[in-house]
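Observations on chain architecture
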Amino acid sequence: MWDVEIRGMASAHAIIASSIFMATVMPSVFVENFSVYGTHMVWLYCVAGSVAVVNIAVFWLLGISPPTKKNTLSYKINRLFKSCLYFVLSCLFFHTVVVLYGAHLLESALETFSLAVLLSTLTTLRCLCILGPNVQAWIRVFSRDGAMSVWDTSLQITTGCSVIGAWLGAFPIPLDWDRPWQMSRREQRDDGSEAAVQ
């Protein structure tokens, strides 16, 4: 049983990792003058979209989520509505946390919310695909010694690494404050107007 779960988990993670790689490479083929720094929003949308589609497809095909007691259409629609609501609330939560950690509230709101969507895609969407919109199951998995299967352990590791990785990724930012991609739009406009005056 464990061998089957481990092979399924390894193949699911390999497919998801390849989707991230393809989402990084494919925009350079289809988008003219693509660079991660210059068109970073396109890159964020490609990665978030491909991870979302691949997560949903892989976990639906593997049949990882627990079986539902009811098979009525209204129950499935209610479950889908709850899942979408949890995902949106997760996006808002991550957006708030990123703003509290120092991101601009209004100036870069689109970029901040895009990061929140990417983090929600990497964390919350996987939980929704595996556990469903069941709050008790989420509490069980993320409590101390709450992992009861390989998939629960995978959720703990993936979610923790995504959040900690996003937090640790902010440490080198102060090293590049003088770079064009780190300057605020107002500073870039001020530099442009000074150059025009000279």
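Here the structure is a predicted model, which means the values were calculated and not measured.

**Looking at the overall build of the protein chain**
- Helices and strands together make up the secondary structure of the protein chain, namely 8 helices and 0 strands.
- Each helix and strand of the protein chain, placed in order from N terminus to C terminus, yields the pattern α-α-α-α-α-α-α-α.
- Residues counted as buried form 30% of the 198 residues belonging to the protein chain.
- In the protein chain, the share of contacts with a sequence separation of at least 24, taken over all contacts with a separation of at least 6, comes to 64%.
- With the model as given, the accessible surface of the protein chain reaches about 13,100 Å², and the carbon-plus-sulfur share is 69%.

**Here we look at the environment of Val47**
- Note on placement: Val47 falls in helix H2 (residues 40-62).
- As a C-alpha pair, Val47 and Ser19 span 28 residues in sequence and 7.8 Å in three-dimensional space.

**A word on the pattern of salt bridges**
- The tally for this structure, following the rule as stated, stands at 1 salt bridge.
- Note that Asp152 is salt-bridged to Arg140, the shortest N-O span being 3.0 Å. Of this pair, Asp152 sits in helix H7 (residues 150-168) while Arg140 sits in helix H6 (residues 135-142), placing them 12 residues apart in sequence.
- With relative accessibility at 30%, the residue Arg140 sits in the partly exposed group.

**A few points about the UniProt feature "transmembrane region" (unreviewed entry) in the protein chain**
- Residues annotated by UniProt as "transmembrane region" (unreviewed entry) correspond here to residues 12-30, 42-63, 84-106 and 112-132.
- For the annotated span residues 84-106, helix accounts for 74% and strand for 0% of the residues, and the straight-line distance between the end C-alpha atoms is 25 Å.

**What about the confidence of the model for the protein chain?**
- When pLDDT is averaged along the protein chain, the result is 77, and 79% of the positions lie at 70 or above.
- Confidence, expressed as mean pLDDT per element, reaches its minimum in the protein chain at helix H8 (residues 185-197) with 53 and its maximum at helix H3 (residues 73-100) with 89.

**Brief notes about the nonpolar core**
- Residues Ala12, Phe59, Ile130, Leu131, Trp151 and Leu155 are the most contacted members of the largest nonpolar core, which totals 17 residues.
- At the level of secondary structure, the elements contributing two or more residues to this core comprise helix H1 (2-30), H2, helix H5 (124-131), H6 and H7.
- If you tally residues by element for this core, the top one is H5, at 5 residues.
- Counting 7 residues, the second largest nonpolar core, distinct from the first, contains Leu44, Val47, Ala48 and Leu118.

**A few points about H3**
- For H3, built from 28 residues, the straight-helix expectation of 40 Å at 1.5 Å per residue is met to within 8% by its first-to-last C-alpha distance of 40 Å.
- For H3, the full list of buried residues reads Ser83, Ser90, Cys91, Phe94, His95, Val98 and Val99.
- The inward-facing, buried residues of H3 contact helix H4 (109-122), H5 and H7.
- A positive phi of about 125° marks Gly102, the residue just after H3.

**Focus on the packing of aromatic side chains**
- If you walk through the whole model with that rule in mind, you get 2 aromatic pairs.
- Consider the rings of Tyr86 and Trp138, whose centres lie 6.3 Å apart with planes at 70°: the pair is edge-to-face. In this pair, Tyr86 is assigned in helix H3 and Trp138 in helix H6, connecting sequence segments 52 residues apart.

**Quick word on a nonpolar patch on the surface**
- On the surface, Phe21, Met22, Val25, Met26, Val29 and Phe30 cluster together into a nonpolar patch covering about 600 Å² of accessible area.
- Structurally, Phe21 can be placed in helix H1.
- Classification of Phe21 by relative accessible area gives exposed; the value is 53%.

The rules behind the values
- Residues numbered from 1 in each chain as written.
- Predicted model: local features only at pLDDT ≥ 70, side-chain atom pairs only at ≥ 80, totals over all residues.
- Heavy atoms only, no water.
- Helix = DSSP H or I, 4+ residues; strand = E, 2+ residues; numbered from the N terminus.
- Buried < 20%, exposed > 50% of the residue type's maximum accessible area, 1.4 Å probe, protein only.
- Contact = heavy atoms within 4.5 Å.
- Areas by Shrake-Rupley, 256 points an atom, 1.4 Å probe, with all protein chains shown as cover.
- Salt bridge = Lys/Arg side-chain N within 4 Å of Asp/Glu carboxyl O.
- UniProt positions renumbered as here; feature names shortened; annotations may be inferred.
- pLDDT = per-residue confidence, 0-100.
- Core = buried A, V, L, I, M, F, W, Y, C linked by side-chain atoms within 4.5 Å.
- Expected span 1.5 Å × (residues − 1).
- Phe/Tyr/Trp six-rings, centres within 6.5 Å; stacked < 30°, edge-to-face > 60°.
- Patch = residues over 30% accessible without salt bridge, like charges linked within 9 Å, V, L, I, M, F, W, Y side chains within 5 Å.

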